[in-house]
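# Topology and contacts: notes
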Amino acid sequence: MIRSCLIVAAALALAVPAGAAEAPSISANPDFVGNNLTFQLQGTVPSAGAGESVRIEAKECRGTFFRTYAGTTTQSGGAWHYDGFLEVTTEFRARWKDSVSAPIVVRKRMSLSLHKRGGGVFIGGAVSRYQPVGGRTVKLERFTERGWVLVRAAKLRSQGPQYGTARFVVRTKKLQLRLTMDQSTAGPCYAAGVSPIVRS
């Protein structure tokens, strides 16, 4: 009886790694996505051949469950990849048959812009489809020999549910300027963001 139990226990111990090996892997490149940038998910299904279906599941910021996001197929050796466009910080996982990968998070940076107007006026903007931006703080920075330094902080004025703007005046010429928003302000659905550089 004892011998039989030991045999069963050993068989179960050997079966766990084999089952675990079938689960797909998943990673992202990059794992922080900036303004209008695509990203790639990739991974491997060790037990799969070429042409097998892999389902990508996603849970967006503030979501409560994973949903089907996209599908792809494996290549030789079980490798797979998917190219997409990220709108908000999202948790992803890969499913092959009944096996599911560990989840990963791909973070979307807050989308910021800075535009030069006449008379030294600059308009900064932020776009967010998943959370209001009105009232959130942005910072205008200039580049110096010591790096980026603060010129002025301002709160965004709402221009609708998805867009906010702030007005700055900079009289000095030939400065390199950018707009930033830190993580504590951009969260929870976005990571810290920075606009393209604009010259005064």
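What counts as what
- Residues numbered from 1 in each chain as written.
- Predicted model: local features only at pLDDT ≥ 70, side-chain atom pairs only at ≥ 80, totals over all residues.
- Heavy atoms only, no water.
- Pairing = 2+ DSSP bridges.
- Helix = DSSP H or I, 4+ residues; strand = E, 2+ residues; numbered from the N terminus.
- Disulfide = S-S within 2.5 Å.
- Buried < 20%, exposed > 50% of the residue type's maximum accessible area, 1.4 Å probe, protein only.
- Salt bridge = Lys/Arg side-chain N within 4 Å of Asp/Glu carboxyl O.
- Core = buried A, V, L, I, M, F, W, Y, C linked by side-chain atoms within 4.5 Å.
- Contact = heavy atoms within 4.5 Å.
- Polar contact = N/O pair within 3.5 Å; in protein donor to acceptor, adjacent residues only side chain to side chain.
- Phe/Tyr/Trp six-rings, centres within 6.5 Å; stacked < 30°, edge-to-face > 60°.
- Lys NZ or Arg CZ within 6 Å of the ring centre and 35° of its normal.

Bringing the sheet that holds strand E10 (residues 111–116) into the picture now. Spatial ordering of the open sheet is given by E10-E11-E15-E14, a layout of four strands whose pairing is antiparallel. The strands lining the two open edges of the sheet, one partner per strand, are E10 and strand E14 (157–158). Here E14 pairs with strand E15 (residues 163–169) via two bridges, running antiparallel. Paired with Arg157 across the bridge in E15 is Thr165.

Once that is clear, we can look at the state of the cysteines. With the rule as written, the count across this model stands at one disulfide. Note on cysteine connectivity: Cys61 is disulfide-linked to Cys189, with sulfurs 2.2 Å apart. Around the S-S axis, the bridge from Cys61 to Cys189 shows a dihedral of about -75° and counts as left-handed. Taken together, the residues Cys61 in the loop between strand E4 (53–60) and strand E5 (67–73) and Cys189 in the loop between helix H2 (183–186) and strand E17 (193–194) connect sequence positions 128 residues apart. When sorted by exposure, Cys61 lands in the same class as Cys189, which is buried.

By the definition in use, this model includes eight salt bridges. Arg67 is the partner of Glu60 in a salt bridge, and the nearest nitrogen-oxygen pair spans 2.4 Å. We note a salt bridge from Asp182 to Lys139, for which the minimum N-O separation is 3.8 Å. Here Asp182, found in the loop between strand E16 (176–181) and H2, pairs with Lys139, found in strand E12 (residues 137–144); they are 43 residues apart in sequence, far enough to count as distant. For Asp182, a relative accessible area of 31% translates into the label partly exposed. Ionic contacts of the salt-bridge type, sharing partners, join the residues Arg55, Glu57, Arg93 and Arg95 into one network.

With eight bridges joining them, E12 and strand E13 (residues 147–155) adopt antiparallel strand pairing. Of the residues in E13, the one forming a bridge with Glu141 is Leu150. The hairpin formed by E12 and E13 contains two residues between the paired strands.

Glancing now at the nonpolar core. Met110, Val138, Phe168 and Met181 are the most contacted members of the largest nonpolar core, which has 23 residues in total. Elements that contribute at least two residues to this core include exactly E10, strand E11 (121–127), E12, E15 and E16. Here the element with the most residues in this core is E16; it accounts for three residues. Formed by 17 residues, the second largest nonpolar core is a distinct cluster that contains Val45, Ala58, Phe92 and Trp96.

Let us look at the side chain of Ser113. Structurally, the position occupied by Ser113 is in strand E10. Ignoring sequence-local partners within four residues, the contact set of Ser113 consists of Ile123, Gly124, Gly125, Tyr163, Leu179 and Ser195.

A few words now on the environment of Arg129. Tracing the backbone through its elements, the reader meets Arg129 in the loop between E11 and E12. If sequence neighbours within four positions are ignored, Arg129 has contacts with Glu87, Gln162 and Tyr190. Within the structure, the side chain of Arg129 is placed 2.7 Å from the side chain of Glu87, a separation counted as a polar contact.

In this section: the packing of aromatic side chains. Evaluated as defined, the whole model comprises four aromatic pairs. On the numbers, 5.6 Å between centres and 35° between planes, the contact of Phe39 with Phe92 is tilted. Of the two residues, Phe39 sits in strand E3 (residues 38–44) while Phe92 sits in strand E7 (residues 90–96), which places them 53 residues apart along the sequence. Exposure class is identical for Phe39 and Phe92. Each is buried. Look at Phe143 and Trp148: their rings are 5.3 Å apart centre to centre, the planes differ by 65°, and that puts the pair in the edge-to-face class. Looking at Trp148, the relative accessible area reads 26%, which means it is partly exposed. Ring pairing ties together the aromatic residues Phe39, Tyr69, Tyr82 and Phe92, which thus form one cluster. Over the face of the ring belonging to Phe66 we find Arg93, whose NZ or CZ atom lies 4.1 Å from the ring centre.

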